[in-house]
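Chain and residue survey
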Amino acid sequence: MSPHLHILFVEDSDSDADLLIRFLKHENIDFSHSRVWDKLAFIKALHENNHDLIIADHSLPQFSGMEAFRIAKSENIRIPFILVTGTVTEDVLIEYAKEGIDDYILKDNLLRLPSAIDHVLDKKKIEHLSGNLETALKDLTDSINYAKRIQNAMLPDTALLHDCFPESFIFFRPKDVLSGDFYWFKNEEKAFFAAVADCTGHGIPGALMSMIGIEKLNGSVLTTKLPSEILKQLDKNIGIALKQSNQNEHISDGMDIALCSVNTDTLLLHFAGANRPLWIFRNKTIEEIKGTKKAIGGVSTVLISNFESIEIQLKKGDTFYIFSDGFADQFGGEGDKKLSSKNFKDLLISVQDKSMVNQKVEIEKYLKFWKGDTEQTDDILIIGVRF
């Protein structure tokens, strides 16, 4: 119970009011009080005083306890309200309950009043905390949704890929509202760049890293057109941005990435990867081109400063895939195990007779089947292009 309460009594009988006051003092309840018994005085008291509790009689000369409760509700003044009255019919009590009164006490059972006061005040505190939590949750959700708009604005227009390669798809399923995976495109003269990156974590931390990564990629491609050199610059610039050379800071965040460029005239592909591969389907099988075993950024014990550059001459009918690890790492299936890279490869091989749009549909179906009721494990991003 509060150390000191300010109680508003709505009671026309002097003797009944005196009985209540003496009883509460006898029960060692620390309170001050105001008393009203007509409608206008009640409304005035609601607005002029900060009451912790209202104790009202049902039958009053000019209005009733029910009307007093309804007035407080209509004024959006949520003060705990206890009805203390003589004998009333069951229908009246049901009507009070439907209106949402906090509690009622019969005058011949005042011994229950202290516990009722404790109960309604505790209930008020819980409602207040719940309201604060709901407000905080709404503010947080609104902020995350706005951050999603910013993140989406930084991602390249998917039309860049589809306009250059009509037979293509982007399968993007963030685990949360914000994503730590991101795709990146750049269409230069006769060279199309495409990347899939998987940043440390997902949600808000991953999204922050993704926006840094996009900005640094946009800067790196201005000075070099070779994927391996772009990754080298990206690694350096991420390290500078996150002060990863400062041992006191020791920020280990970074990203894995697969980056390739395709000459749109000759179909000559250059690939470089940081812990991510490139898969090419040709001759009824998938060929895996592995990336360098080093992440972009982070604090690494691997003494590698360069990323391997791989050149591949694509042919008509070849299909390549770059992706994050989210699809293969998804738990589900019998035994709730990881989907695995092998099953992912088998799936892609099985859908090669389909268009790229329909491949995306089949990937969605397979993920839904495999995942079942299991929560999504990580962000999922797959890009497929057929030449």
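The present account deals with the structure reproduced in this document.

Conventions adopted
- Residues numbered from 1 in each chain as written.
- Predicted model: local features only at pLDDT ≥ 70, side-chain atom pairs only at ≥ 80, totals over all residues.
- Heavy atoms only, no water.
- Helix = DSSP H or I, 4+ residues; strand = E, 2+ residues; numbered from the N terminus.
- Rg over C-alpha atoms; globule rule 2.2 N^0.38 Å.
- Buried < 20%, exposed > 50% of the residue type's maximum accessible area, 1.4 Å probe, protein only.
- Contact = heavy atoms within 4.5 Å.
- Areas by Shrake-Rupley, 256 points an atom, 1.4 Å probe, with all protein chains shown as cover.
- Lys, Arg positive; Asp, Glu negative; His and termini not counted.
- Charge placed at Lys NZ, Arg CZ, Asp CG, Glu CD.
- Pairing = 2+ DSSP bridges.
- Right-handed = clockwise from strand over helix to strand, strands pointing away.
- Expected span 1.5 Å × (residues − 1).
- Arc of directions from axis to C-beta.
- Salt bridge = Lys/Arg side-chain N within 4 Å of Asp/Glu carboxyl O.
- Axes fitted to C-alpha atoms, helices over the stretch in contact; angles between N-to-C directions.
- Left-handed = near helix turned anticlockwise from the far one by under 90°.
- Nonpolar A, V, L, I, M, F, W, Y, C, P; charged D, E, K, R; others polar.
- Patch = residues over 30% accessible without salt bridge, like charges linked within 9 Å, V, L, I, M, F, W, Y side chains within 5 Å.

Focus: the overall build of the protein chain
- If you tally the helices and strands in the protein chain, you get 10 helices and 18 strands.
- Rg of the C-alpha trace for the protein chain: 34 Å, well past the compact-globule value of 21 Å for 387 residues, more than 25% over.
- A buried classification covers 45% of the 387 residues belonging to the protein chain.
- Sequence separation of 24 or more characterises 70% of the internal contacts of the protein chain that already satisfy a separation of 6 or more.
- If you sum the accessible surface of the protein chain, you get close to 19800 Å²; carbon and sulfur atoms cover 52% of it.
- Across the protein chain, the centroid of the 44 positively charged side chains sits 8 Å from that of the 58 negatively charged ones.

Considering the pairing of strand β3 (residues 53-56)
- Burial along β3 is two-sided: the face carrying Leu 53 and Ile 55 and the face carrying Ile 54 and Ala 56 are both buried.
- Pairing geometry for strand β1 (residues 5-10) and β3, over four bridges, is parallel. Residue pairing across strands places Ile 7 opposite Leu 53, the latter belonging to β3.
- Viewed along the sheet, the connection from β3 through helix α3 (residues 65-74) into strand β4 (residues 81-85) turns out right-handed.

Remarks on the pairing of strand β11 (residues 278-282)
- Extensive coverage of β11 is indicated by the burial of five of its five residues.
- Along β11, one buried face is formed by Leu 278, Ile 280 and Arg 282 and the opposite face, lined by Trp 279 and Phe 281, is buried too.
- Following β11, the chain reverses through two residues before pairing antiparallel with strand β12 (residues 285-289); Asn 283 in that reversal takes a positive phi of roughly 55°.
- When β11 meets strand β15 (residues 319-323), the two strands line up antiparallel, connected through three bridges. Residue pairing across strands places Trp 279 opposite Tyr 321, the latter belonging to β15.

As for helix α1 (residues 14-26)
- In a regular helix each residue adds 1.5 Å, so 13 residues correspond to 18 Å; α1 covers 18 Å between its end C-alpha atoms and thus fits that length.
- Those residues of α1 that fall on the buried side of the exposure criterion are Ala 17, Leu 20, Ile 21, Phe 23 and Leu 24. Down the axis of α1, the sector holding all buried residues measures 165°, keeping them to one side. The exposed residues of α1 that point more than 90 degrees off its buried face are Asp 14, Ser 15, Lys 25 and His 26.
- Looking at the buried residues of α1, the elements they touch are β1, β2 (31-36), β3, β4 and α5 (113-154).
- At the exit of α1 stands Asn 28, carrying a positive phi of roughly 60°.

Section: unusual backbone geometry
- Although it is not a glycine, Asn 28 adopts a positive phi angle of roughly 60°.
- Here Asn 28 shows up in the loop between α1 and β2.

Considering the pattern of salt bridges
- Enumeration according to the criterion identifies 26 salt bridges in this entry.
- When the shortest N-O distance is used, the salt bridge between Glu 95 and Arg 70 registers 2.9 Å. One end of the pair, Glu 95, is in helix α4 (residues 90-99); the other, Arg 70, is in helix α3, with 25 residues separating them in the sequence.
- Of the charged contacts, one joins Asp 346 and Lys 342 as a salt bridge, the two residues approaching to 3.0 Å between their closest N and O atoms.

A look at the packing of helix α9 (residues 341-350) against helix α10 (residues 356-371)
- Remark: α9 packs on α10, axes separated minimally by 11 Å, with the N-to-C direction vectors making an angle of 145°. Every pair of crossing elements has a handedness; the one defined by α9 and α10 is right-handed. Taken together, the residues of α10 that come into contact with α9 (itself represented by Asn 343, Leu 347 and Leu 348) are Ile 363, Tyr 366 and Trp 370.
- Looking at the contact of α9 with α10 residue by residue, the classes come out as five nonpolar, one polar and no charged.

Things to note about the sheet that holds β4
- Taken together, the five strands give an open sheet; going across it, the order is β2-β1-β3-β4-β5, and neighbouring strands pair in parallel fashion. This sheet does not close on itself; its edge strands, each paired only once, are β2 and β5 (103-106). Sheet twist, expressed as the average angle between the axes of neighbouring strands with direction ignored, equals 20°.
- For β1 and β2, the ladder comprises six bridges, and the chain directions are parallel. Of the residues in β2, the one forming a bridge with Leu 8 is Ser 34.
- Against the sheet, α5 contacts β1, β3, β4 and β5, and its axis sits at roughly 160° relative to β4.

Quick notes on a nonpolar patch on the surface
- Side chains of Tyr 146, Ile 150 and Met 154 sit close together on the surface and give an oily, nonpolar patch of about 280 Å² of accessible area.
- With respect to the helices and strands, the residue Tyr 146 is situated in helix α5.

Just geometry here; none of it tells us what the structure is for.
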